[in-house]
Amino acid sequence: MRSMWRIGCVAMASAAALLSWSAVAAPPDISGTWLPVESLSTPWPDPLPLTDSARARYAAFDPDRDEPASFCMPLGTPRNTTSGTSALEVLQASDRVYFVFQPNLLNAETRRVYLGQPLPAADPDRLPTWLGMSSGKWEGQTLAVETIEMEPQAILNGNGLTHSGGLKVRERWHLARDPERGRLLVNDLVLEDADTFSSPVRLKRVFAWAPDARLAEGQCSERLWIDQIWRHRLREHAAARKAGAK
Amino acid sequence: MKRPALLLALAAALPFAPALHAAHPAVSGEMAGVWLPDSKRSDRAPRVPLRPEAAESREKWLAEYGPVDQRIDDTNASCIAEPMPWPARLIAQYPFELLFTTDRVTVFYEVFGSLRRIPIGTPRNTFDSLPSAMGTSSGRWEGDTLVVETHTIRRDGAGKPTGDAPISNARRITERFSMGKDEAGNKQLRNELTIVDPVVLTAPVKFTMRYKWSPDIFVGEYLCQQDIWDQNLQGSPSTVPWRK
């Protein structure tokens, strides 16, 4: 009887230890679909702390010419995360976290964050990408992400705020609760780019959990194709038929 | 502590341990990662046995709207993602990635940046799914084989003389993913595809794709409109009519 009591005590102690270990060691589950909440997010600082060259680029922005989204190009990082218009899907595995956006431009913009893999040393032969190169690590309940080597052709917001190839984005993703919206995913961002900003820019982006939301395939090229080409072709053929009938 | 006591203690503690990805068998660990089509070992696109009315419809379309101008009428050239099973049967060297997360498999194709979400087990209600290029999928494990059923595949862009065979709303694609090895003993992913479309096809179409394990490759960004964007930045007129 005494030995059963000891076994029971050991079992309970082990269970409690495992439970507390899992609570401390296991990262939070941030997977799922999330919708941006503009009212809880922060706007871009006004005035923007721009360098002289960045101010000149900003003033020269021509949305008809310089807006990549008009050409079905990606929003790029960090605009995909900060735009406030794109739903977000987080896919979480033990060694990586993927942030998927489908902002109606590409079929998907997938930011791949590899955990515990340091960013590589700078290499002038390596080309920047629209989504950049990201590395992350869990610091307690917060996912800290660093992103570098983002394509300078991308812009940071719809007003034409540009950046250089030296942009570095630091993010801290964590869960929170809101009395109205319930479960939130909060991203505190710091943008550093000596060619663009005279001081780091801090932004907060908040997403509300939306388990029933579904991200859909982008339609950007399709819309242009159908509207501008396909219907045009059909009109051409119809006109040709009419001309032939006369 | 004596061994029986330790075992009992661990057994009692197990229900409290962090949940693993119980929806997937161990073989999913072999399947996860980046793969390239093994063009030499894969079947070529099979002949599609069209029903007479489907063939007639196609000829009628061609007579009405032909001749086809490849520069304009090819959806592929206009950056429209080709519908399933096109990315799965592609033998061009575009990689794709399989990611296994709780109750889900996600397929990331580099080509067109297409993405497929495959819930495992009980699929969510998809009655209101809109047709899409990748369709709506659900998956299940039959032993070590991942079986994926796909429906609600978008018809636009397919069935034209420049594209694949016509697609009807009744189209269903079944994929059976399993692990194997090639004759050199290299790890291989196999996908046996069956396309059923009784409105368009006289019989199911079957073929098998084989993929090479490619751990050193990343699924890259597929910037289909890059040329047009570059031409715009350089101030030169586009060769694409709607950009002139």
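Heads up: these notes are all about the structure in this document. (Residues numbered from 1 in each chain as written. Chains lettered and ligands numbered in written order. Predicted model: local features only at pLDDT ≥ 70, side-chain atom pairs only at ≥ 80, totals over all residues. Heavy atoms only, no water.)

As for the overall build of chain A
The line we're drawing: To qualify as a helix, a DSSP run of H or I must reach at least 4 residues; to qualify as a strand, a run of E must reach at least 2; elements of each kind are numbered from the N terminus. Only protein chains enter the calculation, and the probe is 1.4 Å; a residue is then buried if its accessible area is under 20% of its type maximum, exposed if over 50%, and partly exposed in between. Note on contacts: a residue pair is in contact if any heavy atoms of the two residues lie within 4.5 Å. Using a 1.4 Å probe, the Shrake-Rupley method yields the accessible areas, and only the shown protein chains count as cover for residues.
Counting its secondary structure elements, chain A contains 5 helices and 9 strands. Considering chain A as a whole, with its 246 residues, one finds that 48% of them fall into the buried category. When contacts within chain A are restricted to residue pairs at least 6 apart in sequence, long-range pairs at least 24 apart make up 56% of them. Surface summary for chain A: the accessible area is close to 12300 Å², and the carbon and sulfur share equals 56%.

Let's talk about the sheet that holds strand β4 (residues 109–115) of chain A
All names here are of chain A. Formally: The pairing criterion for strands is at least two bridges between them, as found by DSSP. To get an axis, a line is fitted to the C-alpha atoms, and for a helix only the part in contact is used. The angle between two axes follows their N-to-C directions and goes from 0 to 180 degrees.
The strand order β1-β2-β3-β4-β5-β6-β7-β8-β9 describes a closed barrel built from 9 strands, whose pairing is mixed. In this sheet, neighbouring strand axes are inclined to one another by 30° on average, regardless of whether the strands run parallel or antiparallel. Note: strand β8 (residues 182–192) against strand β9 (residues 201–209), 8 bridges, orientation antiparallel. The residue bridging Leu-184 from the neighbouring strand is Ala-208, located in β9.

Concerning the environment of Val-107 of chain B
Residues and elements named next belong to chain B. Within the secondary structure, Val-107 is located in strand β3 (residues 104–109). When its relative accessible area of 2% is taken as the criterion, Val-107 is described as buried. Each C-alpha atom, one on Val-107 and one on Phe-96, is 6.8 Å from the other, the two residues being 11 residues apart in sequence. In this structure, Val-107 is in contact with Phe-96, Glu-97, Leu-98, Ser-114, Leu-115, Arg-116 and Ile-118, ignoring residues within four places of it in sequence.

Quick notes on helix α6 (residues 226–233) of chain B
Turning to α6 of chain B, its buried residues are Gln-226, Ile-228, Trp-229, Gln-231 and Asn-232 of chain B. Lining the buried residues of α6 of chain B we find α3 (63–66) of chain A. Among the residues trailing α6 of chain B, Gly-235 of chain B stands out with phi positive, at a value near 80°.

As for the nonpolar core
All names here are of chain B. Note the threshold: We define the nonpolar core as a collection of buried residues of types Ala, Val, Leu, Ile, Met, Phe, Trp, Tyr and Cys that are connected through side-chain atoms lying within 4.5 Å of one another.
Of all hydrophobic cores here, the largest spans 38 residues; its most connected members are Phe-96, Leu-98, Tyr-109, Leu-146 and Leu-189. Broken down by secondary-structure element, the contributors of at least two residues to this core are α2 (27–31), α5 (86–89), β2 (96–101), β3, β6 (145–151), β7 (172–181), β8 (187–196) and β9 (205–213). The residues contacting Leu-98, other than those within four sequence positions of it, are Met-31, Ala-32, Gly-33, Trp-35, Val-105, Thr-106, Val-107 and Leu-189.

Topic: the pairing of strand β1 (residues 32–36) of chain A
All names here are of chain A. Sheet topology places β1 next to strand β2 (residues 88–92); 3 bridges connect them, and they run antiparallel. For Trp-34, the partnering residue across the bridge sits in β2 and is Leu-88. Sheet analysis places β1 next to β9, joined by 3 bridges and oriented antiparallel. Residue pairing for β9: Pro-36 is matched across the bridge by Phe-207.

Details of empty space enclosed by the protein
Residue and element names in this part refer to chain B. Threshold: Cavity means a closed set of points on a 1 Å grid over the protein atoms alone, one where a 1.4 Å probe fits but cannot get out, pocket means an open set with protein on both sides within 12 Å along at least 5 of 7 lines, and lining means a residue has an atom within 4 Å of a point. Grid points are joined across faces, edges and corners, and a volume is the space filled by probe spheres set on the points. Amino acids are sorted into nonpolar (Ala, Val, Leu, Ile, Met, Phe, Trp, Tyr, Cys and Pro), charged (Asp, Glu, Lys and Arg) and polar (every other residue, Gly among them).
Enumeration according to the criterion identifies 3 cavities of 30 Å³ or more in this entry. As a volume, the second largest cavity reaches approximately 50 Å³. Lining the second largest cavity, in full, are Pro-37, Pro-87, Ala-88, Leu-90, Tyr-94, Pro-95, Phe-96, Tyr-109, Glu-110, Val-111 and Tyr-211. Looking at side-chain class alone, the lining of the second largest cavity contains 10 nonpolar, no polar and 1 charged residues.

Here's the deal with the packing of aromatic side chains
Quick note on the threshold: Here the aromatic set is Phe, Tyr and Trp, taking the six-membered ring for Trp, and pairing holds for ring centres within 6.5 Å; pairs whose planes are under 30 degrees apart are stacked, those over 60 apart are edge-to-face, and all others are tilted.
On inspection of all chains with the given rule, the structure shows 12 aromatic pairs over all chains. Plain terms: the ring middles of Phe-99 of chain A and Trp-173 of chain A are 4.4 Å apart, the flat faces sit at 25° to each other, and that makes the pair stacked. Of the two residues, Phe-99 of chain A is situated in strand β3 (residues 96–101) and Trp-173 of chain A in strand β7 (residues 168–178); the sequence distance between them amounts to 74 residues. The pair formed by Phe-99 of chain A and Trp-173 of chain A is uniform in burial state, with each residue classed as buried. Ring geometry for Tyr-94 of chain B versus Tyr-222 of chain B: centroids 5.7 Å apart, planes at 75°, classification edge-to-face. Residue Tyr-94 of chain B is located in the loop between α5 and β2, and its partner Tyr-222 of chain B is located in the loop between β9 and α6; the two are separated by 128 residues in the primary sequence.

Some words on the side chain of Ser-129 of chain B
Applied cut-off: As used in this structure description, the phrase polar contact means that two N or O atoms lie within 3.5 Å; if the pair is within protein, one of them must be able to donate a hydrogen and the other to accept it, and residues adjacent in sequence are counted only when both atoms belong to side chains.
By the secondary structure assignment, Ser-129 of chain B is in the loop between β4 (115–119) and β5 (136–142). At a separation of 3.5 Å, a polar atom in the side chain of Ser-129 of chain B contacts the side chain of Thr-136 of chain B. Excluding anything up to four places from it in sequence, Ser-129 of chain B contacts Arg-214 of chain A together with Thr-136 and Thr-152 of chain B.

Describing the sheet that holds β7 of chain B
All names here are of chain B. The sheet built from 9 strands is open, its strands ordered β4-β3-β2-β1-β9-β8-β7-β6-β5 with antiparallel pairing. Two strands in the sheet have a free side with no partner beyond their single neighbour: β4 and β5. Averaged over all pairs of adjacent strands, the angle between strand axes in this sheet comes to 25°, irrespective of strand direction. Looking at chain direction, β3 and β4 are connected through 5 bridges and run antiparallel. Bridged to Val-107 within β4 is Arg-116.

Function-wise, these values are silent; they only describe arrangement.
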